[in-house]
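# Structural characterization, general
These are the residues of each chain, in order.
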Amino acid sequence: MNPLLLVLITATAVCCINIQLVKDFLKFKQSKSVVLFLCDPFESRTIFTTLNDDRMFVKITNMKSQSFHLPTILTPNAYARTSFIFDYGCEPYLEILEKFSDQQYFNLTYSWLFTTAEKSSPIQLMNSFSHLNGVQMNSDITVALPKNASDESFDLLAVYSPGRHLCKDTYQYKYGEWNMKNGVIVVPGFSIYNERADFKGLRLRGVTVIDRNNVTSEDVDRILSAAGRQQGVVLFIKYHYAILAILRDYHNFTIHYRIARGWAGRLKSGFRLGLLGIMARNEADVATTGILHRTNRHAEFDFIHFSWEFTTGFLYRMTPQLRDSSGSGSFWTPFDGMVWLASAVTVITVLFVLKLVLLIISKIKLYEPTRNGPFMSYIVDVIATIAQQGSSNQVSGRISIRIIIFSLLFLTLLLYNYYTSSVVGGLLSSPGKGPYTIKEFTDSPLTLSFHDIGYNKVLFAESKDPTIREMYRKKAEPSREGKNTIPVYADVSTAVPYLKQGGYAFHCEFTEVFEEIANQFDAYEICELRTGASLFSDLNIIGMILPKRSMYSEIFKTTLIRAQEIGLIKRNLRRYRPEKPTCQAGSRIHPVEFHSVRTAFAILGVGFAASLVFFSFERLWFNSILKRESMNFIQ
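Residues numbered from 1 in each chain as written. Predicted model: local features only at pLDDT ≥ 70, side-chain atom pairs only at ≥ 80, totals over all residues. Heavy atoms only, no water.

Here we take up the nonpolar core. Core analysis: the biggest nonpolar cluster contains 101 residues, and Leu36, Tyr552 and Phe556 have the highest contact counts within it. For this core, the element with the highest residue contribution is helix α9 (residues 235–251), accounting for 10 residues. Residues in contact with Leu36, not counting those within four places in the same chain, are Ile17, Ile47, Leu51, Val58, Lys59, Ile60, Thr61 and Ile85. Ranked by size, the runner-up nonpolar core spans 28 residues in total, among them Ile73, Tyr93, Ile96 and Val143. (Core = buried A, V, L, I, M, F, W, Y, C linked by side-chain atoms within 4.5 Å. Buried < 20%, exposed > 50% of the residue type's maximum accessible area, 1.4 Å probe, protein only. Helix = DSSP H or I, 4+ residues; strand = E, 2+ residues; numbered from the N terminus. Contact = heavy atoms within 4.5 Å.)

Below, the discussion takes up the sheet that holds strand β11 (residues 202–209). Across the sheet, 3 strands lie side by side as β12-β11-β13; this open sheet has parallel pairing. A single partner strand is all that each edge strand has here, and the edge strands are β12 (253–260) and β13 (286–287). Of the pairings in the sheet, the one linking β11 to β13 comprises 2 bridges and is parallel in character. Directly across from Val207, in β13, lies its bridge partner Ala287. In the packing of helix α8 (residues 217–225) onto the sheet, the strands contacted are β11 and β12, and the crossing angle to β12 comes to about 95°. (Pairing = 2+ DSSP bridges. Axes fitted to C-alpha atoms, helices over the stretch in contact; angles between N-to-C directions.)

A complete count under the given rule lists 24 salt bridges for this structure. Taking the shortest distance from any N to any O, the salt bridge between Asp140 and Lys29 comes out at 3.0 Å. Taken together, the positions of Asp140 in strand β7 (residues 140–146) and Lys29 in the loop between α2 (19–28) and β2 (33–38) put the pair 111 residues apart, joining distant regions of the chain. In this pair, the class of Asp140 matches that of Lys29, namely buried. The closest approach of N and O atoms between Asp249 and Arg248, which form a salt bridge, is 3.5 Å. We classify Asp249 as exposed; its relative accessible area is 57%. Overlapping salt bridges, with partners in common, bring together Lys147, Asp155, Lys174 and Glu177 in one network. (Salt bridge = Lys/Arg side-chain N within 4 Å of Asp/Glu carboxyl O.)

Further remarks concern the state of the cysteines. Applying the stated criterion across every chain yields a total of 1 disulfide. Here Cys527 engages in a disulfide with Cys583; their sulfurs sit 1.8 Å apart. In this structure the cystine formed by Cys527 and Cys583 twists about its S-S bond by roughly 100°; its chirality is therefore right-handed. Pair noted here: Cys527 is in helix α20 (residues 523–527) and Cys583 is in the loop between α22 (568–576) and α23 (594–634), with a separation of 56 residues, a long-range link. Judged by its relative accessible area of 16%, Cys527 is buried. (Disulfide = S-S within 2.5 Å.)

Let's shift gears to a positive patch on the surface. On the surface, a cluster of positive charge is contributed by Lys570, Arg571, Arg574 and Arg575. You can see Lys570 is positioned in helix α22. Residue class for Lys570 comes out exposed when judged on its relative accessible area of 56%. (Patch = residues over 30% accessible without salt bridge, like charges linked within 9 Å, V, L, I, M, F, W, Y side chains within 5 Å. Areas by Shrake-Rupley, 256 points an atom, 1.4 Å probe, with all protein chains shown as cover. Lys, Arg positive; Asp, Glu negative; His and termini not counted. Charge placed at Lys NZ, Arg CZ, Asp CG, Glu CD.)

Right, let's get into the pairing of strand β16 (residues 312–317). Most of β16 sits inside the fold, with 6 of its 6 residues counted as buried. Judged from the 5 bridges that link them, β16 and strand β19 (residues 504–509) form a sheet pairing that is antiparallel. Its bridge partner being in β19, Leu315 is matched across the sheet by Phe506. Summarising the sheet, β16 and strand β20 (residues 529–531) pair through 3 bridges and their orientation is antiparallel. Bridging from a neighbouring strand, Arg317 pairs with Leu529 of β20.

Turning our attention to the sheet that holds strand β8 (residues 153–160). The 8 strands lie next to each other as β4-β2-β5-β6-β7-β8-β9-β10, forming an open sheet whose pairing is mixed. Edge positions in the sheet fall to β4 (57–62) and β10 (183–186), since each has one partner strand and no second. When strand polarity is set aside, the average angle formed by the axes of neighbouring strands in this sheet is 25°. Across 6 bridges, strand β5 (residues 82–87) lies against strand β6 (residues 110–115) in parallel orientation. Bridge pairing in β6 links Phe84 to Trp112. Against the sheet, helix α6 (residues 122–129) engages β6, β7, β8 and β9 (171–179), with an angle of about 165° to β7.

For β9 and β10, the ladder comprises 4 bridges, and the chain directions are antiparallel. If you follow Asn179 over to β10, its bridge partner there is Gly183. Here β9 folds back onto β10, and the loop between the two strands holds 3 residues.

Glancing now at the side chain of Thr115. Structurally, Thr115 is set in strand β6. We classify Thr115 as buried; its relative accessible area is 1%. Not counting chain neighbours up to four residues away, the residues in contact with Thr115 comprise Ile17, Leu21, Ile85, Phe86, Asp87, Tyr88, Ala144 and Phe154.

Take α2 next. Looking at α2, one finds that the buried residues are Ile19, Leu21, Val22, Asp24, Phe25 and Leu26. Two to three positions downstream of the cap, the backbone nitrogen of Gln20 sits 3.0 Å from a side-chain oxygen, assigning the N-cap of α2 to Asn18. Count one or two residues on from α2 and you reach Gln30, which has phi positive near 55°. (Polar contact = N/O pair within 3.5 Å; in protein donor to acceptor, adjacent residues only side chain to side chain.)

Structure follows, in structure tokens:
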């Protein structure tokens, strides 16, 4: 047996409290650990032995003689659900309760039973609760009031407060009774949730994010409940406001709002800004918006609801110019660079072999060299074979030359099939994927813009990711003042016309722009919409939060689960989360523009220029020959 317990057990407590009441209460609460605070516990060995027979971890504390250090009272041995049995007939009980109140021990983790055999008035105990800030909405406090002098039956009263931190009173209600014959008898239909659901018009402290000037608490309900988009407000704020409205209407409370311009941020001193800073300092009870779900935030906030999928990224229209800039419409695109290089090496090799064969044949007296034709004719034959246009003259009678020409023809036939199928397939299909990663957007010719909302600005201000820093430096930092282009930070109504025009990409939550796109884009333009990677690529869930260890967490969770079961959550999602417009235009043939064929025209131009240059040289050469022959003739 624990030596500390042997010191504490000095006498029985049978004369002080009803042991059977305690045993039935512990069974009702399904407790496995109990701490008894007794006043002069004489002969307490009896109570310890009685409870220990039920395999209960028991610790008895003398309220008069022991200095109270909470870590020594609640040791790691106090496993499972723990109950406190408190004799409020002992004089110093108020001072002890204040210590527990300051450390927030009156919460759902522990069950408290206040009872006494002394003739102490329970009114004084109830008044004491009204002065303890630790009594909460989720407090599990039971006061056993004797119904008669024999202490054979008790009324069981529950005590709680909807907001002691808001200077609100405590409330009590009877949820059952106890007697020696039947034990604990709960009132039929009793539910802690139903009994405490009505907050009786309590005014809670709220916080919301509205990124615009001159907004007061009185304006919040009007702004967030209005239909359509509102300046400085994103859709998931309005969605979570609708969820909070379900809680507010069901639990009968009001909210005084505090306005924040953003979700997060820090000063150089480390002071936290925005909604997260307010909630972390416990300066608000509820928030009208969710936050991105990161694992490290569980240490600071209670997540009570998840239903909004946070899908952000770049949205742009895939135009033919963008295909050309990405290489998808280029004259060289159907073949990889290595294929073009191998083809060029093959042609040069064929010409070299032909020249070598002709040289060998010319040395053999058996053949007539004049029938082989000049080497230039073989160059023309090779080009004609590649273009599948036939030979410039009759095929050579030499088998070796025929094999070379036929092999080249077979190679070009296969390459031509691959080339044409790639070109035709690209023309008949929808445009390519376009840029997707952050790096590709940084290197693309697209002009980037970002939704004018707080979380985008904070990301650029605080992110250490090198790819995001590079994007900001190349795409967002250069001044656009005086240019007829989209601003770096723009709202949806400003950005969508630029997206329709093409050549621009807009980073936002996709649900923000789908409705506007459906109104302004035609069927073919909707089919050309593309999405890219998000700056928040590792996050896709938004959760509704309360301050850590909030007294409202459990009751709000229960209410939102019921709202989800009856369909209210799904209804609000359909209302505030529009779907992407469906592509209904079918396949579309995109015309070949000059960007795609300019390489072919460039080759033609180079050929004309080379022809002119060689023609000039030839003319000068023949003129010099004629002049030399005329001089010889005169002489």
